Amino acid sequence: MELLLASGIGVLTAVAVYLLLRARTFEVVLGLTLLSYAVNLFLFAMGRVAVDRYPILRDGLAPTLANHSDPLPQALVLTAIVIGFAMTAVLIVIALRSDAEFGDDSADAGRADEDAR
Amino acid sequence: MEDPASPAVSLAWIVALPFIAAAILFTLPNYARNLAAGVAGAFTLLALGLLLAFTPDVFAGLVPAVAWPWLPLAGADLGFRADGLAFMFAGLVLGIGALVVLYARYYLSSADPMARFFAFFMLFMGAMLGIVLADNLILLVIFWELTSLSSFLLIGYWQHRSDARQGARMALVITGTGGLALLAGVLLIGQTVGSYKLDVVLQSATVLQSSSVYLPALLLVLAGAFTKSAQVPFHFWLPQAMAAPTPVSAYLHSATMVKAGIFLIARLHPTLAGTDPWFYIVTSVGLATLVVGAYIAVFQHDLKGLLAYSTISHLGLITLLFGLDTRLASIAAVFHILNHATFKASLFMAAGIIDHESGSRDMRALNGLWKYMPITAVLAIVASAAMAGVPLLNGFLSKEMFFAETIGLDSFGVFSVLVPVLATVAAGFSVAYSMRFIHDVFWNGEPIGLPRKPHDPPFWMLVPVGVLAGLCLFVGLFPAVAIGPLLEVAAASVIGGELPYYSLKIWHGFNLPLIMSVLALALGAAFYLSLQRLFRLHDHVHIVYGGRQIFDSILRALLNGSRAVIRWLATGRLHRSMALIVAVTITVAVAPWLTPRAANAASLTLAINVPPLLATVLWAVGLAATLGLLWLHRDRFTAVLLLGGIGLIVSITFALLSAPDLALTQLLVEIASVVLLMLALNYLPARADPLPANASRRWRDGLLAAAAGICVTVAVAVVLTGPSVSAVAPWLLANSVPGAAGTNAVNVIIVDFRALDTLGEIAVLGIAALIIVGVLQDYRPRRSSISAEKLAAAGQGFSLMLSMTSRALVPAAAVVAIWFFLRGHNLPGGGFIAGLVLALGLLLPYLARGTSWVEERQRINYEAWIGWGLFIAGLTGVVSLALGYPFLTSTYLTPEVPIIGKIPIASALFFDIGVFATVTGAVTLALTRLGRVNVGPR
Amino acid sequence: MALGLMDQLAILPVMVPLLVGALLVALGTRHVRLAAALSMVSILGLLACSIALALATADGSVIPYQLGNWPAPFGISLAVDRLSSAMLVVTLLVALACQLAAGDSLAQRSRGFHGLLQFQIAGLCGAFLTTDLFNLFVFFEVLLIASYALLLQGSGRDGVRASVHYIAINLLGSSLFLFAVGLLYGVVGTLNMADLAVRIPQLAPQDVALAHSAGLVLLIVFAIKSALLPLGLWLPGTYAAATAPVAALFAIMTKVGVYSILRVYPLVFGAEAGVLSGIGAPWMLVAALGTIALAACGALAARNLRTLNCWLIAGSAGTLVAVGAVGDAASLGAAVFYLPHTTFAAAAMFLTADLIARARGSALSDRISVAAPMPHAAVLGTSFFIAAAVIAGLPPASGFIAKAVLLTSVATAPSATAIWLFVLAASLAAIIALSRAGSVLFWKPMAVEPDPEAPRPAPPAASAHGTVAALVLMLGAGIAYVVFAAPLQRYAMQAGAQIATPERYVQAVLTTAPVERTK
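Residues numbered from 1 in each chain as written. Chains lettered and ligands numbered in written order. Predicted model: local features only at pLDDT ≥ 70, side-chain atom pairs only at ≥ 80, totals over all residues. Heavy atoms only, no water.

Focus: the overall build of chain C
Then, in step 1: If you tally the helices and strands in chain C, you get 22 helices and two strands.
Then, in step 2: For 519 residues, the compact-globule estimate of 2.2 N^0.38 gives 24 Å, and the C-alpha radius of gyration of chain C, at 22 Å, lies within 12% of that figure.
Then, in step 3: Principal-axis analysis of the C-alpha atoms gives chain C an extent of 80 × 55 × 40 Å.
Then, in step 4: Out of the 519 residues belonging to chain C, those deemed buried represent 72%.
Then, in step 5: Looking at chain C alone, contacts between residues at least 24 apart form 80% of all its contacts between residues at least 6 apart.
Then, in step 6: For chain C, the accessible surface area stands at approximately 14,200 Å², while carbon and sulfur atoms represent 68% of it.
Then, in step 7: Of the charged side chains in chain C, 24 are positive and 18 negative; the average position of the first set lies 9 Å away from that of the second. (Helix = DSSP H or I, 4+ residues; strand = E, 2+ residues; numbered from the N terminus. Rg over C-alpha atoms; globule rule 2.2 N^0.38 Å. Buried < 20%, exposed > 50% of the residue type's maximum accessible area, 1.4 Å probe, protein only. Contact = heavy atoms within 4.5 Å. Areas by Shrake-Rupley, 256 points an atom, 1.4 Å probe, with all protein chains shown as cover. Lys, Arg positive; Asp, Glu negative; His and termini not counted. Charge placed at Lys NZ, Arg CZ, Asp CG, Glu CD.)

As structure tokens, this is what we get:
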């Protein structure tokens, strides 16, 4: 179980990093999205994982880590998911704009002339 | 701190007055020539008067001082003190300053902005006075750098001339560098002796010289002094600075600024001198400068060039004297400072007059001016005779003392005899160039092609020269009377302690120094005449490949080097930056594990329990999808679908690991992202044709990716082997119900325990939507894979399926949303999830009918949703402030609601409403705006 | 006992701009005047508030603030000490300059500017106040998203070009931040920095290495934000693209990274942290010195004034981190003393560059190249000269004093020689670069014969009053720095001592009980 999760997150990270280093913004966006999955799972895993816990507190069940999974990392992941979505959305739209401005969907569009500036 | 009411306060005024004058002059119009000169002169004389008022005190051996606490460094007050040396220099600065002001008034042409000139001039004068009167080293350095700045402005005064600009920048860079070195040295000294106050520093010779920082401090301070006073090998900036107007040269480059370096050596003499390093460094640099300067001077054709190199040589002489480090040598040095200031300033002014009245400074053109400008000639002859060290003039006296000191050294071993010899030779050169100055300019045939017919200048232009030349003569004839007392007090504060016996007499009887003088005169004359006759000096253009070329090439190299570095590193390529970041991160993450301690400690004992089948399948599918994405990422539609699949698996993983809220949110966000990316793909190439990325880069990226993956895997595995160490979770679980009336701990954390995070997060989401709106406002895509008609067709197709359903689905979505929302606090759900559900519901009609269709029918201002949502969420937090609780403090009540029964309503519910509104508004806005562009290029 | 107004001061710099920003978004873009007024009121009020906080914490007291009235470390706590309040004051002064300068054109040209400015302020202040690592992450995101929006406003293609890199790199940075925070929570079990400071020393031996890695990855995140080598190559392109008011505001942005370093490492990995104490220092020093060197090259190579200034900003961040790496009370104090001055100077130079660009017309803009004399050359030249002197650290400008204090305070450190060498060499490079730029921009034109064909640079369309006012404010702040050097430096040194010995800070954050409820 732990190994599956660990290796899964590892693979996600690896592929994400590879895509991050591509030259075109869209691939970079794919990479960043994939990386956010990895990060979210990672954050979640830091609260330790178990398959048989009750997510919701209920009467007659002591509100302890023995019965429930750690809620804090989950809350953090919720925040992280939304922030990641927002940032990715902005980046992809900027990428569209940059493609239209410079007629090139590479992440370095319009930078050839930078030395001249 | 002294009583500010004490008369010594006027010391501060002496320094302040020139700055005040400068401030006034900046406001004057440039045509107010006489007014400008008047202001400058008046303030200078006023300051001089204040200074002279201290004469009795200073001559009585007192040290008037005043200080106000200022800088937070030990002893770095805003304080001034006037001991003999400071008094002498201040007198020099102000006296010659006054004369130069008078001279400059007539020298500058009506085209030159005179007010600005005098403004800079007074700025410099104030800085110079600050240097000599400062009562601590920090203040001294401050004014030191100020002289660099103001001389930069003065040298560059004729901005339209490139030589002026270059000269100014070179002077600034060289003296600025020296200033930095000096700062470092001064800081070292202050650190070691515990204070920057001169009174302390001057008493701390033993402390400093016994400490390890003595040598670095000495080198740094000397670097400052040598650059400022143009010592070899830093001498080259001075001739370049001759591009300045002649009054500036007369003032800065003979009497004052270049003397600042000398002053520093004299000032710190008691603290730094008396060691071998001091002796060898200062003496040899001084000697080299003396000889080199004098030699080059002979071959200059430009009057000011000759004077510049002669100045360098004389500065070398003074430095050498301080280096010799005997009491008499120091006296001689102080004496020569005064003498050189007088004759060199007058010579510069004379040169300026000649330039001014004849239109040339080239000694090959200037000949036989004797009959045109006799008065100037007489004055110039007196001054240059003093420079040559002819008896009965002041230059002779100090040179005699100098010779006397060079004899009988033994520190240089067998080479010691070289010192007097070289001294004599240099003296010979100075005789030669002095003769050349006189003979070439005033005799030696007729002027050659001068722009205008030369004549003596207006009376007031001659006065300053006359005064100074007169001084040369007066001091030369009656040294004891003229200069004795001043010299005594000045020298006393350099030597510290009682003065040895010395006599200011013209005639010391036949002795070695006298013979050396005679020898020098004879040699010099012979040398000049032979050059003149045999080598036809005038055709001989003497080019020294010296510091200037080196300096220029260094600067050029620096510039090109920098450009190269920047081109190489800051390529502006994203993948470069990203790769660097990843690589560095991996490095620092791995580094801690390389120590044996860590390696032993970190235990990786995984409980190899057989994972549930579902988990294994999930893992396999996820792996396949991820690798597929890696393989097919160029085919973008496939890539997005695969990405969606992976997201789905992630959310199932959350569900499997008993985190339903995460599962729901992940799922909904997933849908939103896929829609987003799909919409974006309308305007991007469906396939990414590979850029020419070479194989080596793929390898680099592959390795980085693998390393990153391994790091993360190890980290997760190691953490998961241990039990939870959370110090927070138990409390959160225990207090969720009693503290915040919520059985869904995760939601309680979001809306209550850590509500501030959520507030910030929805702010981010909202702003993101606004950015998207802004960016898409006047966006014209290059291409759109869905053409207008295809879209219409699609629209038809959609409408068949969806037009009915979508209208119905919106309310349905709303209901589901509200349901999720209400149960959120106690069961999986809450503001986010509800918001996302509603947003996706609202999106359906857009997909079905296209944005325009929808917006004709429903006008929803989603920006307002975002704004008000944020505002409501914030406001619920503010309420608690009124009740005296911190921001975002929640409360709850449990009312009896018909049908549903008792439900606890936390105030956090209203917070969640804000979240709900913002999320709905933001997501809908973002997606629909991206959808609107659907109609293709407008 | 309910909280009084003084107790509530700490939250205002976060709460007020968030609410004002939200309100401005809600009101929409129709009421630019109202928006400007509200924004200005908020900024001035917050400036007063943060000065009050600075005075309140001057005696060394730490003002904790338990959000939601939950006890630390379970909720989120803010805390104000000397460092935080100093950062607040600097932030709001720069924000005020930005608001003034924006009055000229930006605010009209791009609606919604003021709301974004408010969110930017909220993000900055939150980052300077929070004691919670994850909350710090959230505020980083807030100030980043606001900065994206501001960067894109009115900056045209340059803005688009720059923001692709800026956003992508910061997204990667955010992911790294989450990795680090998650890992720390996983092995230490808390997010509250004060609590971390307590628990790090008690780590089980097998967790030490993990915590160490987490600590260093966190450092990478902050280094990206402070544009340290080799992670900061994004800075020049980005800041140079922004419009002047925004660029002026960005002068504080790299300082967020520097602040985080100064806050987190002495506190969490400080002297008490056992085997993990001072883990950041060696990496910081190397990166910082490298940054100083690279920035010097960049300044020399720069082809326009804004880029030049950007590199100088990177260099100042490097200087700050290099000093911070020394890590004793005196050095940290020197860093605190140096930080505001360099921020004001950078802002002033951006504003000057803008005025120059306007005077020369869009064709030439602020490029360092010879052209016919610009209008108002004398005034612009003077302002450039002053700003340059401040940045290059030439007396009597604040730069010199800051530099002197900085050098003296590190003098006893083992790395002193290196730091002295790099800092002094860098200021020499600054002198060379700036004197060259000034000579080209203001002196060479005197030699140029303005040819009649060449179109005279049209007088700037928008009025420059706001920009000038902002410039005066920033230069004035620099002058005030010289005049009040002693008290300011005393405050900074005490701040340094407070950072270096955080017991009181930890105490205040962890042991302040919530207000008991009166039900």
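Points about the overall build of chain A
Then, in step 1: In terms of helices and strands, chain A carries three helices and zero strands.
Then, in step 2: Helices (α) and strands (β) of chain A occur, in sequence order from the N terminus, as α-α-α.
Then, in step 3: Taken over the C-alpha trace, chain A has a radius of gyration of 20 Å; the compact-globule value for 117 residues is 13 Å, which it surpasses by more than 25%.
Then, in step 4: Expressed along its principal axes, the backbone C-alpha trace of chain A runs to roughly 70 × 25 × 20 Å.
Then, in step 5: For chain A, buried positions account for 76% of its 117 residues.
Then, in step 6: Expressed as a percentage of contacts within chain A between residues at least 6 apart in sequence, the contacts between residues at least 24 apart total 50%.
Then, in step 7: Put simply, chain A shows about 2,800 Å² of open surface, and 54% of that area lies on carbon and sulfur atoms.
Then, in step 8: Once the 8 positive and 13 negative side-chain charges of chain A are each reduced to a mean point, those two points are 5 Å apart.

Here we look at the interface of chain C and chain B
Then, in step 1: With 114 residues of chain C at the contact, the number on the chain B side is 105 residues.
Then, in step 2: Here chain C and chain B share an interface that buries about 9,500 Å² over both sides, 79% of which is from carbon and sulfur atoms.
Then, in step 3: The largest per-residue losses of area from chain C upon contact with chain B belong to Trp-70, Phe-74 and Trp-443 of chain C, which jointly make up 9% of the total buried on that side.
Then, in step 4: Counting the contacts that link chain C with chain B gives one salt bridge.
Then, in step 5: The salt bridge involving Arg-754 of chain B is made with Asp-132 of chain C; its shortest N-O contact spans 2.7 Å.
Then, in step 6: In terms of residues, the side of chain C that touches chain B owes the most to one element, helix 19 (residues 416-447) of chain C, which gives 14 residues.
Then, in step 7: Residues belonging to the side of chain C that touches chain B are distributed by class as follows: 82 nonpolar, 21 polar and 11 charged. (Buried area = accessible area lost by both parts, 1.4 Å probe. Salt bridge = Lys/Arg side-chain N within 4 Å of Asp/Glu carboxyl O. Nonpolar A, V, L, I, M, F, W, Y, C, P; charged D, E, K, R; others polar.)

Comments concerning the interface of chain A and chain C
Then, in step 1: Taken together, the 37 residues of chain A in the interface contact 29 residues of chain C.
Then, in step 2: For the pair chain A and chain C, the summed buried surface comes to about 3,100 Å²; carbon and sulfur atoms form 74% of the total.
Then, in step 3: At the junction of chain A with chain C, the criterion picks out one salt bridge.
Then, in step 4: With its nearest N and O atoms 3.4 Å apart, the salt bridge here joins Glu-101 of chain A to Arg-157 of chain C.

As for the packing of aromatic side chains
Then, in step 1: For the structure on display, the rule yields 46 aromatic pairs over all chains.
Then, in step 2: Seen in terms of ring centroids, Phe-59 of chain B and Phe-87 of chain B are 6.0 Å apart; in terms of plane orientation they differ by 75°. Their pairing is edge-to-face. Remark: Phe-87 of chain B occurs in helix 4 (residues 84-107) and Phe-59 of chain B occurs in helix 3 (residues 55-59); sequence separation between them is 28 residues.
Then, in step 3: An angle of 35° between the planes, with centres 5.4 Å apart, marks the rings of Tyr-166 of chain C and Trp-234 of chain C as tilted. Taken together, the residues Tyr-166 of chain C in helix 8 (residues 156-188) and Trp-234 of chain C in the loop between helix 10 (205-225) and helix 11 (235-241) connect sequence positions 68 residues apart. (Phe/Tyr/Trp six-rings, centres within 6.5 Å; stacked < 30°, edge-to-face > 60°.)

Things to note about the pairing of strand 2 (residues 77-80) of chain C
All names here are of chain C.
Then, in step 1: What you see with strand 2 is no split at all: Ser-77 and Ala-79 on one side and Leu-78 and Val-80 on the other are buried throughout.
Then, in step 2: Summarising the sheet, strand 1 (residues 63-66) and strand 2 pair through four bridges and their orientation is antiparallel. Paired with Gln-66 across the two strands is Ser-77, which belongs to strand 2. (Pairing = 2+ DSSP bridges.)

Focus: the packing of helix 17 (residues 327-358) of chain B against helix 22 (residues 479-495) of chain B
Residues and elements named next belong to chain B.
Then, in step 1: Close contact between helix 17 and helix 22 brings their axes to 9 Å; oriented N to C, the two are set at 125°. Taken together, the axes of helix 17 and helix 22 are oblique relative to one another. Pair helix 17 / helix 22 crosses with right-handed handedness. Residues Arg-327, Ser-330, Ile-331, Val-334, Phe-335 and Leu-338 of helix 17 lie in contact with helix 22, whose contacting residues are Ile-483, Leu-486, Leu-487, Ala-490, Ala-491, Val-494 and Ile-495.
Then, in step 2: In the contact of helix 17 with helix 22, the residues fall into 11 nonpolar, one polar and one charged. (Axes fitted to C-alpha atoms, helices over the stretch in contact; angles between N-to-C directions. Parallel < 35°, antiparallel > 145°, perpendicular 65-115°, else oblique. Left-handed = near helix turned anticlockwise from the far one by under 90°.)

Points about the pattern of salt bridges
Then, in step 1: Per the counting criterion, the structure on display carries 23 salt bridges over all chains.
Then, in step 2: Taking the shortest distance from any N to any O, the salt bridge between Asp-135 of chain B and Lys-197 of chain B comes out at 2.6 Å. One end of the pair, Asp-135 of chain B, is in the loop between helix 5 (114-133) and helix 6 (137-155); the other, Lys-197 of chain B, is in the loop between helix 7 (162-193) and helix 8 (198-203), with 62 residues separating them in the sequence.
Then, in step 3: Put simply, Arg-161 of chain B and Asp-163 of chain B hold a salt bridge, and the shortest N to O gap is 2.9 Å.
Then, in step 4: The structure contains a network of salt bridges with shared partners spanning Arg-22 of chain A together with Arg-697, Arg-700 and Asp-701 of chain B.

Points about the packing of helix 17 of chain B against helix 21 (residues 459-477) of chain B
Residues and elements named next belong to chain B.
Then, in step 1: At a closest axis distance of 9 Å, the pairing of helix 17 and helix 21 adopts a crossing angle of 150°. Crossing geometry of helix 17 relative to helix 21 is assigned as left-handed. Judged by residue contacts, Phe-335, Asn-339, Thr-342, Phe-343, Ala-345, Ser-346, Met-349, Ala-350, Ile-353, His-356 and Glu-357 of helix 17 engage Met-461, Leu-462, Pro-464, Val-465, Leu-468, Ala-469, Leu-471, Cys-472 and Val-475 from helix 21.
Then, in step 2: Classifying every residue of the contact of helix 17 with helix 21 by side-chain character gives 15 nonpolar, four polar and one charged.

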